[in-house]
Amino acid sequence: MSGKAIWLDCDPGHDDALALLLALFSSAHLVGCSAVGGNAPVQATFANAARLLTFYGAKLPDGPQDVALAKGGTHLFMGSELPLIKAARFDPGIHGDDGLGGVVGLPELESEHVQQRVWASYPPVVRSQGQLPPATPGYLLRYWSDLLSYRIEHNLPKLTLVATGSMTNVALLLKAFPDLAEQGVEEVVIMGGAPPGTRGNRGALAEFNILVDPEAAAILFNHPIRVTMAGLNVTHQAIFRPDLLKRLLTPPVSPLRKTLASILTFFADTYRTEFGFQEGPPVHDLLAVAWVLQPEIFFNEEAGGEGEGKQRFAPPRAYETRVECADGSLALGATVVDFPTSTAPEKVTTGWGREGPNVVVLESVATDRLWELFFQCVERADEEKGPRDE
Ligand SMILES: [Ca+2]
């Protein structure tokens, strides 16, 4: 496994909950987590992230200023409540009103441990009223600048930023601290988008995370930073089928497995009723973290292997990718990937951002290896930590 430093910006969300588990119980260090509005309002996605981190037993950071993270803690911040320009939109049909519909076993927001988690990364002056910090990305951005500065100054490994909700917080980072992001972020990995040839899930061409804040996605894609996209073309290949649920629930069934099963069962039900998926739900966000941990799971099989049964695999490629942001357009939220053809060969350019192929587009996934990675993490979570029963 990779040993990478990951930050997960998310909107939990059933599949975000799986991505969070993978990030926590791999050899990567989940440095921090931030919430964004999307599947549900940001207050709900933040509360869900706090409840999940507590349930999974993530270590608390030493305090609000803890940028060294010597003890391996995980920060948590609330990010943006609203998209940059568009009106907010949510997805209760898939995730329930609070983002984690039907999920059992998580500690409540009001509980002592979750409240500790909620406030651990905020300065004392903010900890005044209520159970949630203010819905502003300011504290997150301030911490990101401190964290990236510290890591650059101390030659620590670059951060991998995984975004499994809309890209609003990421866009704000790139606009506020472009120099720190370029020096201190290895790659931004997103779950989002539907390349040409793949139907969208919230419109013929639009995938939800991009549709929520297309301007933020455009800022990211146009920025000179490495971006990898796990879109619907690849996430719809990773269906959590009934045999996998059966494997998850093979006795002895820990409280962790019960909760994971409730996540996957609710998700399967809404995917069946809302989108007609009969076999099970796609685990979208899980793939973005899996790419960071084991990129070879996403290598493309290519023609030209020698001898019968020989296969050749190559890493996924970068293509020029743009986002449709125009209000009123039938293509609003579309991710237009300029795939090469025989009459329009691949452009030979280098660099990221506006200058050419700017997004690595995942196209295939070895699902057997993906599920092995997932179950390894479940087993590790069962052994190592075990969920906190509250
Ligand atoms: Ca998500």
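In the annotation of an unreviewed UniProt entry, the chain is listed under the name Nucleoside hydrolase and assigned to Pseudomicrostroma glucosiphilum. Here the chain is described in UniProt, under the heading Sequence similarities (unreviewed entry), as follows: "Belongs to the IUNH family."

Trainee: Got a sec to walk through the overall build of the chain? Specific residues and values, please.
Mentor: Along its length, the chain carries 14 helices and 12 strands. Here the chain has a C-alpha radius of gyration of 20 Å; the compact-globule value for 390 residues is 21 Å, and the two agree. Its C-alpha atoms give the chain principal-axis dimensions of roughly 60 × 50 × 45 Å. Residues classed as buried in the chain amount to 51% of the 390 residues present. Once local pairs closer than 6 in sequence are excluded, the contacts in the chain between residues at least 24 apart make up 78%.

Trainee: Can you tell me about unusual backbone geometry, naming the residues and giving the values?
Mentor: Across residues other than glycine, the phi torsion is negative in most instances, and most of the peptide bonds are trans. Cis geometry is adopted by the peptide bond preceding Gly-13, which originates at Pro-12 and carries an omega value of -15°. Relative to the assigned elements, Gly-13 resides in the loop between strand S1 (5-10) and helix H1 (14-24). A cis geometry characterises the amide bond from Pro-251 onward to Pro-252, with omega recorded as 0°. For Pro-252, the location among the structural elements is in the loop between helix H11 (242-248) and helix H12 (255-275).

Trainee: Can you explain the nonpolar core? Please cite residues and give values.
Mentor: Of all hydrophobic cores here, the largest spans 123 residues; its most connected members are Leu-20, Leu-22, Leu-220 and Leu-287. It is helix H2 (residues 42-56) that provides the largest number of residues to this core, a total of 10 residues. Every residue in contact with Leu-287, bar those within four places of it in the chain, is listed here: Met-191, Ala-230, Val-234, Thr-235, Ala-238 and Val-365.

Trainee: So what's going on with the packing of H1 against H12? Residues and values would help.
Mentor: The geometry of H1 relative to H12 is characterised by a closest axis approach of 9 Å and an angle of 145° between their N-to-C directions. At the point where H1 passes H12, the crossing takes the left-handed sense. In this structure, H1 uses His-14, Asp-15, Ala-17 and Leu-18 to contact H12, whose residues at the interface are Ile-263, Phe-266 and Phe-267.

Trainee: I'd love a proper account of the environment of Tyr-150, names of residues and values included.
Mentor: One can find Tyr-150 in helix H5 (residues 138-153). Judged by local crowding, Tyr-150 falls into the partly exposed class, with 16 C-beta atoms found within 10 Å. Sequence-wise, Tyr-150 and Val-67 are 83 residues apart; in three dimensions their C-alpha atoms are separated by 6.8 Å. With sequence-adjacent residues up to four places away left out, Tyr-150 is seen in contact with Val-67 and Ala-68.

Trainee: Now, about helix H4 (residues 112-119): what can you tell me, with residues and values included?
Mentor: Helical periodicity: at 3.6 residues per turn, an α-helix aligns residues three or four positions apart in one direction. Buried residues of H4: Val-114, Arg-117 and Val-118, and no others. Buried residues of H4 fall within an arc of 105° about the axis and therefore sit on the same side. Exposed and oriented more than 90 degrees from the buried face of H4 are Glu-112 and Gln-116. Elements that come into contact with the buried residues of H4 comprise H2 and strand S3 (75-78).

Trainee: So, the pairing of S3: which residues are in play, and what are the values?
Mentor: Of the two faces of S3, the one holding His-75 and Phe-77 and the one holding Leu-76 and Met-78 are both buried throughout. Each parallel crossover has a hand, and the one from strand S2 (residues 29-35) via H2 to S3 is right-handed.

Trainee: An account of the pairing of strand S4 (residues 159-163) is requested, with residue identities and associated values reported.
Mentor: By the criterion of burial, S4 is predominantly enclosed, with 5 of the 5 residues buried. The sheet contact formed by S1 and S4 spans 5 bridges and is parallel. Bridge pairing links Trp-7 to Leu-161 in S4. Pairing of S4 with strand S5 (residues 185-191) involves 5 bridges; the strand directions are parallel. Residue Ala-163 lies in a different strand from S5, and its bridge partner there is Ile-190.

Trainee: Summarise the environment of Arg-199; cite the residues concerned and give the values.
Mentor: As for its placement among the helices and strands, Arg-199 is situated in the loop between S5 and helix H8 (208-212). The sequence separation of Arg-199 and Glu-187 amounts to 12 residues, and the corresponding C-alpha distance is 26 Å. Those residues within four positions of Arg-199 in sequence are excluded, and the remaining contacts are Ala-194 and Ala-204.

Trainee: For the environment of Tyr-319, give the residues involved together with the corresponding values.
Mentor: Secondary-structure assignment places Tyr-319 in strand S9 (residues 318-319). We classify Tyr-319 as buried; it has 21 C-beta atoms within 10 Å. Ignoring sequence-local partners within four residues, the contact set of Tyr-319 consists of Val-337, Asp-338, Phe-339, Pro-357, Val-359 and Val-361.

Cut-offs used in this document
- Residues numbered from 1 in each chain as written.
- Predicted model: local features only at pLDDT ≥ 70, side-chain atom pairs only at ≥ 80, totals over all residues.
- UniProt positions renumbered as here; feature names shortened; annotations may be inferred.
- Helix = DSSP H or I, 4+ residues; strand = E, 2+ residues; numbered from the N terminus.
- Rg over C-alpha atoms; globule rule 2.2 N^0.38 Å.
- Buried ≥ 20, exposed ≤ 12 C-beta atoms within 10 Å, placed from the backbone.
- Contact = placed C-beta atoms within 7 Å.
- Core = buried A, V, L, I, M, F, W, Y, C linked by C-beta atoms within 7 Å.
- Axes fitted to C-alpha atoms, helices over the stretch in contact; angles between N-to-C directions.
- Left-handed = near helix turned anticlockwise from the far one by under 90°.
- Arc of directions from axis to C-beta.
- Right-handed = clockwise from strand over helix to strand, strands pointing away.
- Pairing = 2+ DSSP bridges.

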